[in-house]
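For reference, the chains in residue letters:
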Amino acid sequence: MNRRHKDIFVIGFALFSMFFGAGNVIFPPYLGLSCGSQWFLGFLCYYVADIGLALLALFAVLRGGGSDGVIGRVGRLPSTLLMSAIVLCIGPMLAIPRTAATTYEMSLAPLVAGFSPVLFSALFFALILLLCLRESAVVDIVGKVLTPALLIGLLILIIKGVVDPIGPVPDRVLVDNVPFTGIEAGYQTMDVLAAMVFGIIVLKSARDKGHTDPKDQFRVVAGAGIVAGTALLVVYLGLTYLGVTTSVFFDLTVLRTFLVVSIVRNLMGFSGVILFSVVVALACITTAVALVCSAASYFSKLSGGRVSYACLVIVICVFSAVTSNFGLDQIVSIAAPILNIVYPPTLVLIVLAFFGRRIRSDWVFRMAALGALIFSVLTVAADFGAPLGFLKHLPLAAMGFGWVVPAIACGLLGALIGRAARAQA
């Protein structure tokens, strides 16, 4: 194996570990349970909305030289607001509390009955606070051991579940819209938003390994993306199928974490539950540390250093500790409308970033993102009962992409505004 191929696999598995947090274990099995006989269609929509778009975002960041190269052309204030919303989503609002809730429901609750979730969240974030403030190398060591351990454990679980399935694939489908269910589950992973941060890390890693030529960097990162995408394809496909095989035992009222623990217990026994609980807990700890550090660093830099990193770490940990007590399924429910608003303008800017050099006017970026934002807000309002029935008739609305055509139309309007502005100049 030559040096480039070795670096591709090293960076690829690092990228896999970035995208695959322990919390991501909960979404594919529940998706399989929900979609029943149409599970493969649901999985395809999930995979495209998760890893497909995440890799697209990753390459957009690399092409633009950073997240500012993707969202910067909408203007300083709008880009700052959008990036802050992204960091809040993958930080204290949603992703960080989810790590604690996942650890409690998947690692502690199956083993210790009656332990106070409030006390657990306080202890969990006290540990996270300590590790973040000291920037302990223990987290790096544990992370390097954990990702292979979690991956190997999941592959053993998947193989056993395929060879000796828990139950048959059912004829029923428990949701009305399988494609939308898959896409929404893909949004919930927040991997697309996380890719806005990961892109710079991956590019720096390639440079540190001596790949300074832009073409060489592209080959390495593209290869790493294929490695990570393939590994995630195998894991997510297997977990989705495991969820399908439980359809004779559960319905949509089952907690996502309980579903995963039940699958592990059925396939590997109580000893498997213990081992899985330990690995998931440690994986969630390393994920939480990485997210807290990233969020605190971003907002400290945004404040121009006026708010210290240490102060922000404390604030984020306290806020996340309180939020984590809502429970995992409640956090997922809260996340859905927020992500359905943040994702569309972010995706529009990611796609436009690939044509950035050909698009002369910043108005195209501004108007397209604004169109996506407005219609995503209207769609969420309609989901909460607002009388906006016309939204259902928009192209691609059934798949959750009703904002696409309005974004294109607003982008074209932005092109006309830009042309008019240049003509007057």
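This text gives an overview of the structure that appears in the document. (Residues numbered from 1 in each chain as written. Predicted model: local features only at pLDDT ≥ 70, side-chain atom pairs only at ≥ 80, totals over all residues. Heavy atoms only, no water.)

**Notes on unusual backbone geometry**
Then, in step 1: Backbone geometry at methionine 190 places phi at a positive 65 degrees, although glycine is not the residue there.
Then, in step 2: Relative to the helices and strands, methionine 190 is located in the loop between helix H9 (178-188) and helix H10 (191-208). (Helix = DSSP H or I, 4+ residues; strand = E, 2+ residues; numbered from the N terminus.)

**Side note on the pattern of salt bridges**
Then, in step 1: This structure, assessed with the given rule, holds two salt bridges.
Then, in step 2: With a shortest N-O distance of 2.6 Å, arginine 73 and aspartate 362 are connected by a salt bridge. Highlighted residues: arginine 73 in the loop between helix H4 (68-71) and helix H5 (76-89) and aspartate 362 in helix H15 (residues 362-383), separated in sequence by 289 residues.
Then, in step 3: Of the charged contacts in the structure, one is a salt bridge between arginine 256 and aspartate 329, with a shortest N-O distance of 3.1 Å. With arginine 256 in helix H12 (residues 256-302) and aspartate 329 in helix H14 (residues 328-353), this pair connects stretches of sequence that are 73 residues apart. Side by side, arginine 256 and aspartate 329 carry an identical accessibility label, which is buried. (Salt bridge = Lys/Arg side-chain N within 4 Å of Asp/Glu carboxyl O. Buried < 20%, exposed > 50% of the residue type's maximum accessible area, 1.4 Å probe, protein only.)

**Some remarks on the side chain of glutamate 105**
Then, in step 1: Here glutamate 105 shows up in helix H6 (residues 95-108).
Then, in step 2: One buried charge, glutamate 105, has no salt-bridge partner; the nearest side chain with opposite charge is arginine 256, at 8.6 Å.
Then, in step 3: A distance of 2.9 Å separates a polar atom in the side chain of glutamate 105 from the backbone nitrogen of leucine 328.
Then, in step 4: Not counting residues within four places of it along the chain, the set of residues in contact with glutamate 105 comprises Pro110, Thr257, Val261, Gly327 and Leu328. (Lys, Arg positive; Asp, Glu negative; His and termini not counted. Polar contact = N/O pair within 3.5 Å; in protein donor to acceptor, adjacent residues only side chain to side chain. Contact = heavy atoms within 4.5 Å.)

**A closer look at the environment of glycine 371**
Then, in step 1: With respect to the helices and strands, the residue glycine 371 is situated in helix H15.
Then, in step 2: Using a relative accessible area of 1% as the deciding quantity, one classes glycine 371 as buried.
Then, in step 3: In sequence terms glycine 371 and isoleucine 408 are 37 residues apart; their C-alpha atoms lie 8.0 Å from each other.
Then, in step 4: If we ignore the near neighbours within four places in the chain, the residues touching glycine 371 are Pro406, Ala407 and Cys410.

**Let's talk about the nonpolar core**
Then, in step 1: Counting 138 residues, the largest nonpolar core has Phe19, Phe20, Val70 and Ile128 as its most contacted members.
Then, in step 2: Residue contributions to this core peak at 21 residues, all from H12.
Then, in step 3: Among all residues touching phenylalanine 20, those that are not within four sequence positions of it are Val25, Leu150, Leu154, Leu232, Val235 and Tyr236. (Core = buried A, V, L, I, M, F, W, Y, C linked by side-chain atoms within 4.5 Å.)

**Some details on the side chain of arginine 98**
Then, in step 1: Looking at the element boundaries, arginine 98 is found in helix H6.
Then, in step 2: Here arginine 98 sits buried without a salt bridge, and the closest side chain of opposite charge, aspartate 191, lies 6.6 Å off (N-O distance).
Then, in step 3: At a separation of 2.7 Å, a polar atom in the side chain of arginine 98 contacts the main-chain carbonyl oxygen of glutamine 188.
Then, in step 4: In this view, arginine 98 contacts Asn24, Phe27, Gln188, Thr189, Met190, Leu328 and Ile331; residues no more than four positions away in its chain are not counted.

**So, the packing of aromatic side chains**
Then, in step 1: By the definition in use, this model includes 12 aromatic pairs.
Then, in step 2: Ring geometry for tyrosine 104 versus phenylalanine 120: centroids 5.5 Å apart, planes at 50 degrees, classification tilted. With tyrosine 104 in helix H6 and phenylalanine 120 in helix H7 (residues 117-134), this pair connects stretches of sequence that are 16 residues apart.
Then, in step 3: Judged by its relative accessible area of 13%, phenylalanine 120 is buried.
Then, in step 4: Judged by centre distance (4.2 Å) and plane angle (20 degrees), the ring pair of tyrosine 187 and tyrosine 343 falls under stacked. One end of the pair, tyrosine 187, is in helix H9; the other, tyrosine 343, is in helix H14, with 156 residues separating them in the sequence. (Phe/Tyr/Trp six-rings, centres within 6.5 Å; stacked < 30°, edge-to-face > 60°.)

**A closer look at helix H13 (residues 309-324)**
Then, in step 1: Across its 16 residues, H13 extends 22 Å between first and last C-alpha, which sits within 8% of the 22 Å expected from 1.5 Å per residue.
Then, in step 2: Every buried residue of H13 is accounted for by Tyr309, Leu312, Val313, Ile316, Cys317, Ser320, Ala321, Thr323 and Ser324. The buried residues of H13 occupy one face: seen down the axis, they fall within an arc of 165 degrees. Opposite its buried face, H13 presents the exposed residues Val318 and Val322, each directed more than 90 degrees away. (Expected span 1.5 Å × (residues − 1). Arc of directions from axis to C-beta.)

**A closer look at the packing of helix H2 (residues 27-35) against H12**
Then, in step 1: One can describe the packing of H2 onto H12 by two numbers: an axis separation of 9 Å at closest approach and a directional angle of 95 degrees. Classified by the interaxial angle, the pair formed by H2 and H12 is roughly perpendicular. Contact residues: Phe27, Pro29, Tyr30 and Leu33 in H2; Arg256, Leu259, Val260 and Ile263 in H12.
Then, in step 2: The residue makeup of the contact of H2 with H12, split by class, is seven nonpolar, no polar and one charged. (Axes fitted to C-alpha atoms, helices over the stretch in contact; angles between N-to-C directions. Parallel < 35°, antiparallel > 145°, perpendicular 65-115°, else oblique. Nonpolar A, V, L, I, M, F, W, Y, C, P; charged D, E, K, R; others polar.)

**Topic: the state of the cysteines**
Then, in step 1: Applying the stated criterion across every chain yields a total of zero disulfides.
Then, in step 2: The thiol of cysteine 35 is unpaired, and the distance to the nearest cysteine sulfur, on cysteine 45, comes to 8.3 Å.
Then, in step 3: The cysteine cysteine 284 is free of any disulfide, with cysteine 132 supplying the nearest cysteine sulfur at 14 Å. (Disulfide = S-S within 2.5 Å.)

Geometry only, nothing functional implied.
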